[in-house]
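If you want the building blocks of each chain, they are given just below.
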Amino acid sequence: MKVTLLLGSKSDMDTAEKIAAVLKEFAVPSETVIASAHKVPEKVAEIIKQLNDDPEPRVIITVAGMSNGLGGVAAASSVHPVLNCPPFKSLEEYMVDLNSSLRMPSDVPLMTVLNPKNAALAAIRIFAESHAGLREKLLKRIEKVKGEY
């Protein structure tokens, strides 16, 4: 099992690091790859093809701001679940960019999660469906959070 963090640019690294930190807590390996869907779409297509050819269970989390074509491009061709976690620096940026992350055409099953921590936890839940040890860690985390309230 592995999470591939697919970033649109180096400027998205801060969000990716937040996601990777949560994955690390659960001992879920991750890798980070940078490829813009707008500037190097052929590179994105090749990355998705390579990931599709790998039989290892995987979740792809895309991190790209602005018009965010990356999540949709990845989801359109990937056999793996694709989560989208668009970064934003201000409420204004968030409000302008959000629609490009949420509105996808049919047959492009992209799931958008705005909080980086929650994006990591969503990927972990996908893996926990078939991994007993991870499921147990997740249940302990849920109990701990509930105990704080």
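(A) View of the packing of helix H5 (residues 116-128) against helix H6 (residues 132-147). Packing of H5 against H6 brings their axes to within 8 Å, and their N-to-C directions diverge by 135°. Comparing their axes, H6 and H5 come out oblique. As for the relative orientation of H5 and H6, their crossing is left-handed in sense. The segment H5 lies against H6, with Lys117, Leu121, Ile124, Arg125, Phe127 and Ala128 engaging Leu134, Arg135, Leu138, Arg141 and Ile142.

(B) Representation of the pairing of strand S2 (residues 30-34) in the model. As judged from the five bridges shared by strand S1 (residues 2-7) and S2, these two strands associate in the parallel manner. For leucine 6, the partnering residue across the bridge sits in S2 and is valine 33. As a crossover connection, the stretch from S1 through helix H1 (residues 13-25) into S2 is right-handed.

(C) Geometry of the nonpolar core. Val3, Ile19, Phe26, Val28, Ile61 and Ile124 are the most contacted members of the largest nonpolar core, which totals 24 residues. Those elements that place two or more of their residues in this core are S1, H1, strand S3 (58-63), H5 and H6. When residues of this core are assigned to their parent elements, the largest contribution, seven residues, is made by H5. When sequence neighbours within four positions are dropped, the list of residues in contact with valine 3 reads Leu23, Val28, Pro29, Ser30, Glu31, Val59, Ile61, Ala123 and Phe127. Core analysis: the next-biggest nonpolar cluster, separate from the first, contains 16 residues, Val44, Ala75, Val82 and Val108 among them.

(D) Molecular detail of the sheet that holds S2. Across the sheet, which stays open at both edges, the five strands sit in the order S2-S1-S3-S4-S5 with parallel pairing between neighbours. Looking at strand neighbours, the two that pair on one side only are S2 and strand S5 (110-112), the edges of this open sheet. Between one strand axis and the next, the sheet turns through 25° on average, direction left out of account. Pairing of strand S4 (residues 82-84) with S5, which is carried by three bridges, proceeds in the parallel orientation. Across the sheet, residue asparagine 84 finds its bridge partner in S5, namely threonine 112.

(E) Fine view of the environment of leucine 134. Here leucine 134 shows up in helix H6. For the pair leucine 134 and valine 28, spaced 106 residues apart in the sequence, the C-alpha separation amounts to 8.7 Å. Those residues within four positions of leucine 134 in sequence are excluded, and the remaining contacts are Met1, Phe26, Val28, Ile124, Phe127 and Ala128.

About the thresholds
- Residues numbered from 1 in each chain as written.
- Predicted model: local features only at pLDDT ≥ 70, side-chain atom pairs only at ≥ 80, totals over all residues.
- Heavy atoms only, no water.
- Axes fitted to C-alpha atoms, helices over the stretch in contact; angles between N-to-C directions.
- Helix = DSSP H or I, 4+ residues; strand = E, 2+ residues; numbered from the N terminus.
- Parallel < 35°, antiparallel > 145°, perpendicular 65-115°, else oblique.
- Left-handed = near helix turned anticlockwise from the far one by under 90°.
- Contact = heavy atoms within 4.5 Å.
- Pairing = 2+ DSSP bridges.
- Right-handed = clockwise from strand over helix to strand, strands pointing away.
- Core = buried A, V, L, I, M, F, W, Y, C linked by side-chain atoms within 4.5 Å.
- Buried < 20%, exposed > 50% of the residue type's maximum accessible area, 1.4 Å probe, protein only.

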